[in-house]
Amino acid sequence: MGETVSLECGCCSRTQELSIGSGMMYGSFSLDDIIKNSRGKVKKHVQALQNTGVVLSNVCEEELLACPRCNTLSTRFSFKLFDKQGECIYESIFNCSRCKTRLLPADKKLTDYCCRYCSSPSLSYSDLTGCWD
Ligand SMILES: [Zn+2]
Ligand SMILES: [Zn+2]
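Residues numbered from 1 in each chain as written. Chains lettered and ligands numbered in written order. Predicted model: local features only at pLDDT ≥ 70, side-chain atom pairs only at ≥ 80, totals over all residues.

## Comments concerning the overall build of the protein
Alright, step 1. Secondary structure assignment for the protein yields two helices and eight strands.
Alright, step 2. Scanning the protein from its N terminus toward the C terminus, one meets helices and strands in the order β-β-α-α-β-β-β-β-β-β.
Alright, step 3. Put simply, the protein has 133 residues, and 17% of those count as buried.
Alright, step 4. For the protein, the share of sequence-separated contacts (at least 6 apart) that also reach a separation of at least 24 residues comes to 62%. (Helix = DSSP H or I, 4+ residues; strand = E, 2+ residues; numbered from the N terminus. Buried ≥ 20, exposed ≤ 12 C-beta atoms within 10 Å, placed from the backbone. Contact = placed C-beta atoms within 7 Å.)

This is the structure we're talking about:
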């Protein structure tokens with residue numbers, strides 16, 4: 001189960017919705033589903049791994065990530081693939097769409113980040129926050 005957090009910017013008044021965690025649908029994700037949700041290079045890479053048959057299991061989630069340089073939040077469909085020995089053989093990596101810095105898991109209070117639209121540090125929780133699955 002995941003949750004939806006809605007942050008409102010006190011400067012530009014825009015809201016940013018973040019769906020966090022692994023919703024119900026991700027529990028039964030197969031490699032085919034992951035390929036369907038991937039694009040470009042990632043998709044080709046996962047397809048190649050699928051063809052070799054080394055992938056035994058996977059973990060998927062809607063991951064909450066932050067750009068260390070812009071100090072903004074975003075969520076991405078992220079996943080890890082494991083082989084028969086339980087070794088992680090693939091982990092999705094994302095870069096900031098603005099500055100191309102590698103995004104890292106968000107580890108601060110969400111209101112300590114900046115608005116992704118106007119970069120102002122004026123985020124607060126809006127009352128739309130709730131659960132999803
Ligand atoms: Zn703003
Ligand atoms: Zn950035």
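On we go.
## Considering the nonpolar core
Alright, step 1. The biggest cluster of nonpolar side chains holds eleven residues, and these are L7, C9, L64, A66, C67, L73, L103, A106, Y113, C115 and L123.
Alright, step 2. Setting aside anything within four residues of it in sequence, one finds L123 in contact with L7, C9, L110, T111, Y113 and C115.
Alright, step 3. Grouped together as the second largest cluster of nonpolar side chains are six residues, Y26, V46, F79 and L81 included. (Core = buried A, V, L, I, M, F, W, Y, C linked by C-beta atoms within 7 Å.)

## Looking at helix α2 (residues 40-52)
Alright, step 1. With 13 residues, α2 extends 19 Å between its outermost C-alpha atoms, agreeing within 8% with the 18 Å of an ideal straight helix rising 1.5 Å per residue.
Alright, step 2. After α2 finishes, the residue G53 shows a positive phi value of roughly 75°. (Expected span 1.5 Å × (residues − 1).)

## What about the environment of C99?
Alright, step 1. Mapped onto the fold, C99 is located in the loop between β5 (88-91) and β6 (104-105).
Alright, step 2. Each C-alpha atom of the pair C99 and L56 lies 35 Å from the other, and the pair is 43 residues apart in sequence.
Alright, step 3. In this structure C99 touches C67, R69 and C70, once residues within four positions along its chain are discounted.

## Looking at the pairing of strand β4 (residues 73-82)
Alright, step 1. In the sheet, strand β3 (residues 57-66) pairs with β4 via ten bridges, with the strands oriented antiparallel. Bridge assignment links E63 to a residue of β4, and that residue is R76.
Alright, step 2. Turn length for the β3-β4 hairpin, with the two strands adjacent in sequence and antiparallel, is six residues, and the turn residue N71 shows positive phi of about 60°.
Alright, step 3. Note: β4 against β5, three bridges, orientation antiparallel. If you follow F82 over to β5, its bridge partner there is C88.
Alright, step 4. Here β4 folds back onto β5, and the loop between the two strands holds five residues, one of which, G86, carries a positive phi near 80°. (Pairing = 2+ DSSP bridges.)

## Some points on the sheet that holds β5
Alright, step 1. Read across the sheet, four strands follow the order β5-β4-β3-β6 without closing on themselves; strand pairing throughout is antiparallel. Looking at which strands have only one partner, the edges of the open sheet turn out to be β5 and β6.

## Examining unusual backbone geometry
Alright, step 1. Not every positive phi belongs to a glycine, and N71 is a case in point at roughly 60°.
Alright, step 2. Tracing the sequence through the fold places N71 in the loop between β3 and β4.
Alright, step 3. For N71, a count of 15 C-beta atoms within 10 Å translates into the label partly exposed.
Alright, step 4. The phi dihedral of K100 falls on the positive side, at around 70°, and the residue is not glycine.
Alright, step 5. Take K100: it is sitting in the loop between β5 and β6.

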